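Take a look at the letters that make up each chain.
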Amino acid sequence: MHIKIITYLIFIIFFSTDSTLSIENKIILKINNSIITNLDVVNEANYLQALNPNLQNLEKNKILEIAKNSLIREKIKEIEILKTSTRSVNPDYLESLIQSIYTNIGFKNKNEFIEHIEKFNINIQTIEKKISDETLWNQLIYKKFFSKVKIDQEKIKKDINLVNRKSKSYLLNEIVYSVENNDEKKKLFEKIKESIVQNGFENTAAIYSIVETSKTGGNLGWRDENTISKDILKYISKLKIGEFTNPILIPSGFLILKVKDIKEIEKKIDIEKELNLRIRSMQNQQLNQYSNIYFKKIKKDILINEK
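So, a few notes on the structure that sits alongside this text. In this text, all values refer to a predicted model and were calculated from it rather than measured experimentally. (Residues numbered from 1 in each chain as written. Predicted model: local features only at pLDDT ≥ 70, side-chain atom pairs only at ≥ 80, totals over all residues. Heavy atoms only, no water.)

### Remarks on the overall build of the protein
Helices and strands together make up the secondary structure of the protein, namely 11 helices and seven strands. Viewed in the frame of its principal axes, the protein has a C-alpha envelope of about 65 × 45 × 40 Å. Here the protein, with 307 residues, has 43% of them falling under the buried criterion. Partitioning the contacts of the protein with sequence separation of at least 6, the portion at a separation of at least 24 is 74%. (Helix = DSSP H or I, 4+ residues; strand = E, 2+ residues; numbered from the N terminus. Buried < 20%, exposed > 50% of the residue type's maximum accessible area, 1.4 Å probe, protein only. Contact = heavy atoms within 4.5 Å.)

Below, the structure is given as C-alpha cells:
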C-alpha cells in the first residue's frame, strides 16, 4: 500500500476517537514477523504526547510519522531481546524508573501521572511494558559491551582533587542522528536547524533523534560539569542559555546539545562518592554509544515492509 494511503488511514483514526472502534484495524508495517497496525501508531502517538506535551504543537501527520518511527525502533529492539534474553525486570527497579519519568515531567506522585496518561487513553501497564523492554535492551548492551568500556580511575581521582567547591550544572537536551555519507551530513543539519526554528528543539529531537531520549524531547536532565567529558564540555561551556552546539562527532553519528538552563552549585566533595558518580556517568556514556552502534548494525538485517 502506498505510504500516502497508509498515512491517510491513520490520520482518519487520529481525528475520529469516537468512531475508532468502527474502523478496521489494518496492518501497515511488517518488521520480520512482527506487525504494526494503524491503531498501534495512534496509540504510540498518544503515548509520546503524554510524555512530551510539546508534540501537540506539531502537525498531526508529523506526530504520526514520529510515532511510526518510534514503534519501528521498539520492534527491532524487541526482536533482538527475544533472541538473547528471557529475563524479567526487577519490580522495584522498574518502579524507580517509572518514578524518574514522571518526576522529570513534573508530577509529584504516581497517581498524578496515571491520571495524566489516562487522558491520552494510555494505561500504566503500557508504560511498564515499554520501560521493561528498554531496560532489557540496556541489559543486553551491558552484557555485550561492558568489557570494552574503558575508565581511567586514577585520572578521575586527580581531576577530583583539582575541582573547586563551586561548579556549574547544565540542564541539557540532546539530538543524536546519523548520516550515510558526507554529502548528506550538511543537508540534514540544515534541516534540523530549520526544524528547531519552526518547531523548537524538543520537538525536533522527537522528529530526528535516534536515541531513546527522543521520546521526552531529548531531555538529559541536569548534568554537573564534572561528570561531562572534556571533549563535550568544551562545546557547551561556550553556550548561553537557549543556545545549542553545532554537530559533535561521536562514534554512533552526530550529537547536538542544547543548554536549557545553567546554575552554579557549591558542594562539599566526598571523593569516594564523586569518583563513583563520575565512573557511572562515563560508563553510561560509552554504553550509550555502543547501544546506538549495535542498533544500527542489527537494523541492517531486519526486513521492514510497508503494507
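Picking up after the structure, the text goes on.
### Topic: the pairing of strand β6 (residues 253–266)
Strand direction decides the pairing type here: strand β3 (residues 166–177) and β6, joined by 12 bridges, are antiparallel. Across the sheet, residue N173 finds its bridge partner in β6, namely K258. As paired elements, strand β5 (residues 248–250) and β6 share three bridges and run antiparallel to each other. Bridge pairing links I248 to L255 in β6. (Pairing = 2+ DSSP bridges.)

### A few points about the sheet that holds strand β4 (residues 219–224)
As summarised here, the arrangement of the four strands in space is β4-β3-β6-β5, forming an open sheet in which the pairing is antiparallel. Two strands in the sheet have a free side with no partner beyond their single neighbour: β4 and β5. Taking the axes of each pair of neighbouring strands and ignoring which way they run, one obtains an average angle of 40° across the sheet. Here helix α9 (residues 201–208) sits on the sheet in contact with β3 and β6, set at roughly 40° to β3. (Axes fitted to C-alpha atoms, helices over the stretch in contact; angles between N-to-C directions.)

### Looking at a positive patch on the surface
Residues R87, K143, K144, K148 and K297 make up a contiguous surface patch of positive charge. Note on placement: R87 falls in the loop between α3 (60–84) and α4 (91–104). You can call R87 partly exposed: its relative accessible area is 47%. (Patch = residues over 30% accessible without salt bridge, like charges linked within 9 Å, V, L, I, M, F, W, Y side chains within 5 Å. Areas by Shrake-Rupley, 256 points an atom, 1.4 Å probe, with all protein chains shown as cover. Salt bridge = Lys/Arg side-chain N within 4 Å of Asp/Glu carboxyl O. Lys, Arg positive; Asp, Glu negative; His and termini not counted. Charge placed at Lys NZ, Arg CZ, Asp CG, Glu CD.)

As far as function goes, none of this settles anything; it's purely spatial.
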